[in-house]
Amino acid sequence: MTLGLKDMVIESVTRPRDGAARILAMPLSREAVGTGFALVAVVNTILYSLSIMLFEATTGMMTGMNVPALYLALLSAAMLVGALAISWIGRAMGGRATVMQILPLVVWLQALRALAQLGLIGAMLIAPGLANALSVGIGLFGLWLMANFLDVAQGWKSLGKSFLVMVLTGLGFVFGLSLFMALVGATAMGM
């Protein structure tokens with residue numbers, strides 16, 4: 001049975017394991033995944049920039065965080081490196097997902113994130129305080145969705161393993177970023 005985009009969104013949010021299985025069953029080419037990757041990275045960057053501009057306009061605080069090119073690069077790197085790390089760490093823990101199975105799931109989760117960000121922009125216009133609370137809730141719900149998606153992709157029946165992979169991936173990001181910053185800092189100091 002073929003589902004429309006709206007039905008896929010509803011299925012992914014209400015029955016994430018079924019949504020993940022449906023995405024994994026799609027015969028997606030590398031080109032399709034690459035195009036989706038680029039599209040969600042750009043759309044999320046635009047929505048992020050709009051959110052920051054709206055926040056700055058409504059609060060009068062300048063954040064200095066609205067650098068779209070930097071956000072696009074960071075988001076793209078996080079999506080790609082995250083998919084690689086999730087695949088590698090998952091396989092080391094007995095999972096079966098390849099990078100090309102994880103990437104479409106990451107792209108779809110970022111598409112869902114864009115929809116949520118659009119809703120948060122609307123909420124920010126109506127009730128900024130509510131938007132902040134919703135943002136936290138959506139972030140936690142997104143982690144739960146991702147854990148379910150990973151669990152299906154890796155072939156486990158353990159959300160605990162999925163959360164552990166997510167934590168280890170996050171720690172890897174922190175370590176890698178710290179190492180990068182230390183190298184850049186040492187270079188900047190002439191060492």
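The preceding data block contains the structure.
A quick note: this is a predicted structure, and the numbers were derived from the prediction, not measured. (Residues numbered from 1 in each chain as written. Predicted model: local features only at pLDDT ≥ 70, side-chain atom pairs only at ≥ 80, totals over all residues. Heavy atoms only, no water.)

(A) Broad picture of the overall build of the protein chain. When you go through the protein chain residue by residue, the secondary structure sums to 7 helices and 0 strands. Order of helices (α) and strands (β) in the protein chain, N terminus to C terminus: α-α-α-α-α-α-α. Taking 16 Å as the expected radius of gyration for a compact globule of 191 residues, we find that the protein chain reaches 18 Å, a close match to that expectation. Its C-alpha atoms give the protein chain principal-axis dimensions of about 50 × 50 × 35 Å. Classification of the 191 residues of the protein chain by burial places 36% in the buried group. Partitioning the contacts of the protein chain with sequence separation of at least 6, the portion at a separation of at least 24 is 66%. The average position of the 10 basic charges and that of the 6 acidic charges among the side chains of the protein chain differ by 8 Å. (Helix = DSSP H or I, 4+ residues; strand = E, 2+ residues; numbered from the N terminus. Rg over C-alpha atoms; globule rule 2.2 N^0.38 Å. Buried < 20%, exposed > 50% of the residue type's maximum accessible area, 1.4 Å probe, protein only. Contact = heavy atoms within 4.5 Å. Lys, Arg positive; Asp, Glu negative; His and termini not counted. Charge placed at Lys NZ, Arg CZ, Asp CG, Glu CD.)

(B) Region of the structure containing helix α4 (residues 68-92). Compared with an ideal rise of 1.5 Å per residue, which puts 25 residues at 36 Å, α4 spans 35 Å between its outermost C-alpha atoms and is within 8% of the ideal. Residues of α4 that are buried include every one of Tyr71, Leu75, Ser76, Met79, Gly82, Ala83, Ala85, Ile86, Ser87 and Gly90, and no others. After α4 finishes, the residue glycine 94 shows a positive phi value of roughly 95 degrees. (Expected span 1.5 Å × (residues − 1).)

(C) Up close: the packing of aromatic side chains. Counted under the stated rule, the structure contains 2 aromatic pairs. Taking the centre distance of 3.9 Å and the plane angle of 5 degrees together, the rings of tyrosine 48 and tyrosine 71 count as stacked. Separated by 23 residues along the polypeptide, tyrosine 48 in helix α3 (residues 30-59) and tyrosine 71 in helix α4 bring together distant segments of the chain. As far as burial versus exposure is concerned, tyrosine 48 and tyrosine 71 are alike and both buried. (Phe/Tyr/Trp six-rings, centres within 6.5 Å; stacked < 30°, edge-to-face > 60°.)

(D) Region of interest: the packing of α3 against helix α5 (residues 99-126). Two elements in contact, α3 and α5, have axes separated by 9 Å at closest approach and are oriented at 25 degrees. Judged on the interaxial angle alone, α5 and α3 are roughly parallel. Handedness of the α3/α5 crossing: left-handed. Residues of the contact of α3 with α5, tallied by class, amount to 18 nonpolar, 5 polar and 2 charged. (Axes fitted to C-alpha atoms, helices over the stretch in contact; angles between N-to-C directions. Parallel < 35°, antiparallel > 145°, perpendicular 65-115°, else oblique. Left-handed = near helix turned anticlockwise from the far one by under 90°. Nonpolar A, V, L, I, M, F, W, Y, C, P; charged D, E, K, R; others polar.)

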